[in-house]
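Fold and geometry: a report
Chain by chain, the residues:
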Amino acid sequence: MDAISCIKTRRSVRRYTEEVITKEQFEQIVDSARYSPSWKNTQTIRYMLVTDRTLIDRIKDEALLGFEGNIKSLASTSSLVVLTQVNGRCGYERDGSFSTSKGTGWEMFDAGIAAQTFCLSAHEAGFGTCILGIFDDAKVGEILEVPEGQTVTCLIPMGRPKFVPDPVPRKEVADLVSYK
Ligand SMILES: Cc1cc2nc3c(=O)[nH]c(=O)nc-3n(C[C@H](O)[C@H](O)[C@H](O)COP(=O)(O)O)c2cc1C
């Protein structure tokens with residue numbers, strides 16, 4: 001699939017077949033995602049694959065802030081990818097001070113690039129994904145025993161799509177651009 005087709009045909013997929021992603025398939029996708037650009041090439045994003053049903057159910061029941069849409073997505077998936085961020089490096093100088101006025105903002109910037117690159121690579125491999133932002137990151141970290149010094153940035157349930165959703169509306173280019 002060429003890059004433009006991959007970008008334009010990716011959808012947020014929220015219902016999956018029961019097929020569990022293998023470690024080999026997961027690592028092939030991460031192999032592409034690791035080429036994401038990052039702050040001073042700090043490469044602070046980590047990718048955890050959770051296939052243990054008990055752990056997925058605990059996150060579903062305890063860490064989704066009661067958001068029904070995400071509860072249904074986790075009930076449907078057999079493969080939950082959890083992106084974490086190594087804290088305190090992206091956006092920082094070596095002496096621990098912030099490099100810019102955006103402070104910690106660059107951490108989520110890098111996480112977003114990595115998440116999209118992961119989702120596009122997964123799409124190219126025939127897997128559907130959905131980036132989830134509505135969850136309790138501390139609770140997910142506790143359930144998964146995420147190493148100290150890392151923060152959960154997003155959840156990405158994935159799997160073979162049960163069906164491919166229709167595209168959602170996009171603003172027109174003219175509404176997005178400006179020139180000076
Ligand atoms: C940072 C971020 C957080 C999101 N959080 C959620 C979420 O919690 N639950 C959900 O179902 N979709 C979530 N989405 C998916 C968006 O709703 C989706 O990308 C948007 O509606 C466009 O649809 P598309 O991805 O199919 O093009 C999130 C997307 C992003 C980028």
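Structure first, text after, so check above.
Cut-offs applied
- Residues numbered from 1 in each chain as written.
- Predicted model: local features only at pLDDT ≥ 70, side-chain atom pairs only at ≥ 80, totals over all residues.
- Near = placed C-beta within 6 Å.
- Nonpolar A, V, L, I, M, F, W, Y, C, P; charged D, E, K, R; others polar.
- Buried ≥ 20, exposed ≤ 12 C-beta atoms within 10 Å, placed from the backbone.
- Helix = DSSP H or I, 4+ residues; strand = E, 2+ residues; numbered from the N terminus.
- Pairing = 2+ DSSP bridges.
- Core = buried A, V, L, I, M, F, W, Y, C linked by C-beta atoms within 7 Å.
- Contact = placed C-beta atoms within 7 Å.

The full set of residues close to the ligand is Arg11, Ser12, Arg14, Gly69, Asn70, Ser73, Cys130, Ile131, Leu132, Gly133, Ile134 and Val168. Across the shell around the ligand, the residue classes tally to 5 nonpolar, 5 polar and 2 charged.

Of all the 8 residues making up strand S2 (residues 79-86), 7 are buried; the element is thus mostly covered by neighbouring parts of the structure. Where strand S1 (residues 45-50) meets S2, 6 bridges bridge the pair, whose relative direction is antiparallel. Paired with Met48 across the bridge in S2 is Val82. As paired strands, S2 and strand S4 (residues 150-159) are joined by 8 bridges and run antiparallel to one another. Directly across from Val86, in S4, lies its bridge partner Gln150.

Right, let's get into the sheet that holds S1. A sheet is described by the order of its strands in space; here 4 strands give the open sequence S1-S2-S4-S3, paired in antiparallel fashion. With one partner strand each, in any of the chains shown, S1 and strand S3 (128-129) form the two edges of the open sheet. Pairing of S3 with S4 involves 2 bridges; the strand directions are antiparallel. Residue pairing for S4: Thr129 is matched across the bridge by Met158.

What follows concerns the nonpolar core. Within the largest apolar cluster, 35 residues are counted, with the highest numbers of intra-cluster contacts made by Val82, Leu83, Ala115, Phe118, Val140, Leu155 and Ile156. Of all the secondary structure elements, the ones that give two or more residues to this core are helix H2 (23-33), S1, helix H3 (53-62), S2, helix H5 (105-124), helix H6 (137-144) and S4. Ranked by residues supplied to this core, first place goes to H5 with 6 residues. If near-sequence neighbours (up to four positions away) are discounted, Ala115 is found in contact with Leu83, Ile131, Cys154 and Ile156.

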